[in-house]
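Residue-level structure breakdown
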Amino acid sequence: MTGFPGLRPMTGDAVEIRAEGTVMKMAGPIVCQGFKPAEGGQLAVKLTLPDADPQQRRTLSWCKTFSFTLFVGGAVLYSSPPRLKVREIQRDGDGALAVTGSPS
C-alpha cells in the first residue's frame, strides 16, 4: 500500500527509514497512523518506533525530510510518500520514539 495511511493505526514489526541519504532499519513493535492536525492543513502521519538506538534518534532529529517502508512478517505493509517533512520528534510515555511528518 502506498499513498497516505488511513486514520486507523497499522502495526508492523520492522521499518526501513530513508532520511537524507541515510537508511535506518528498526525492528520491534511499530505503529503508523494518519491524522488531521488540529490546526488544519494537510494530513500528517505519525510513526511510533522502539527507541533502541540513540544515534538513530539523533540522525532523525537532524533530518528535514524522510520516507519509510513498514513491514509485517517480511512483507511490505505500507510505503510512505517519498518526501515527508519532519514536523515533530518526541518520546512517548513508554520511551518509544514518535516521528510526525507531512507531505512537503
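Just so we're clear, the structure is a prediction, and the values are computed from it rather than from any experiment.

Bringing the environment of isoleucine 89 into the picture now. The topology assignment puts isoleucine 89 in strand β6 (residues 84-91). Judged by relative accessible area, isoleucine 89 falls into the partly exposed class, the value being 28%. For the pair isoleucine 89 and leucine 60, spaced 29 residues apart in sequence, the C-alpha separation works out to 7.9 Å. Among residues more than four places away in sequence, those in contact with isoleucine 89 are Leu60, Ser61, Leu97, Ala98 and Val99.

The subject of this paragraph is the pairing of strand β5 (residues 75-79). The pairing of strand β4 (residues 65-72) with β5 spans four bridges and is antiparallel. In the strand pairing of β5, threonine 69 is matched with serine 79. Joining the antiparallel neighbours β4 and β5 is a turn of two residues, in which glycine 73 adopts a positive phi near 60 degrees.

If you check the backbone angles, glutamate 20 has positive phi at about 50 degrees while not being a glycine. Mapped onto the elements, glutamate 20 comes out in the loop between β1 (10-19) and β2 (22-35). With a relative accessible area of 47%, glutamate 20 lands in the partly exposed category.

Right, let's talk about the nonpolar core for a bit. When a protein is soluble and globular, its nonpolar side chains tend to lie buried together. One finds Val15, Ile17, Leu49 and Phe68 to be the most contacted residues of the largest nonpolar core, which totals 21 residues. Elements supplying a minimum of two residues to this core: β1, β2, β3 (44-49), β4, β6 and β7 (97-103). Residues contacting valine 15, with those up to four places away along its chain left out, are Met24, Lys25, Met26, Ile30, Leu47, Leu49, Phe68, Thr69, Leu70 and Phe71.

All right, on to the pattern of salt bridges then. The full count for this structure, using the stated rule, is two salt bridges. Note that arginine 18 and glutamate 16 form a salt bridge whose closest N and O atoms lie 3.3 Å from each other. Here arginine 18 falls in the partly exposed class, since its relative accessible area comes to 27%. Judged by its relative accessible area of 22%, glutamate 16 is partly exposed. Across the salt bridge formed by glutamate 16 and lysine 25, the nearest N and O atoms sit 3.8 Å from each other. When its relative accessible area of 61% is taken as the criterion, lysine 25 is described as exposed. Put simply, Glu16, Arg18 and Lys25 are held in one network by salt bridges that share partners.

Take the environment of glycine 74 next. With respect to the secondary-structure elements, glycine 74 resides in the loop between β4 and β5. Its relative accessible area of 67% is what places glycine 74 among the exposed residues. Residues glycine 74 and glycine 12 lie 62 residues apart in sequence; the distance between their C-alpha atoms is 9.5 Å.

Now for the side chain of serine 67. Positionally, serine 67 belongs in strand β4. For serine 67, a relative accessible area of 7% gives the class buried. Dropping the residues within four chain positions of it, serine 67 is found in contact with Glu16, Ile17, Arg18, Ser80, Pro81 and Pro82.

The rules behind the values
Residues numbered from 1 in each chain as written. Predicted model: local features only at pLDDT ≥ 70, side-chain atom pairs only at ≥ 80, totals over all residues. Heavy atoms only, no water. Helix = DSSP H or I, 4+ residues; strand = E, 2+ residues; numbered from the N terminus. Buried < 20%, exposed > 50% of the residue type's maximum accessible area, 1.4 Å probe, protein only. Contact = heavy atoms within 4.5 Å. Pairing = 2+ DSSP bridges. Core = buried A, V, L, I, M, F, W, Y, C linked by side-chain atoms within 4.5 Å. Salt bridge = Lys/Arg side-chain N within 4 Å of Asp/Glu carboxyl O.

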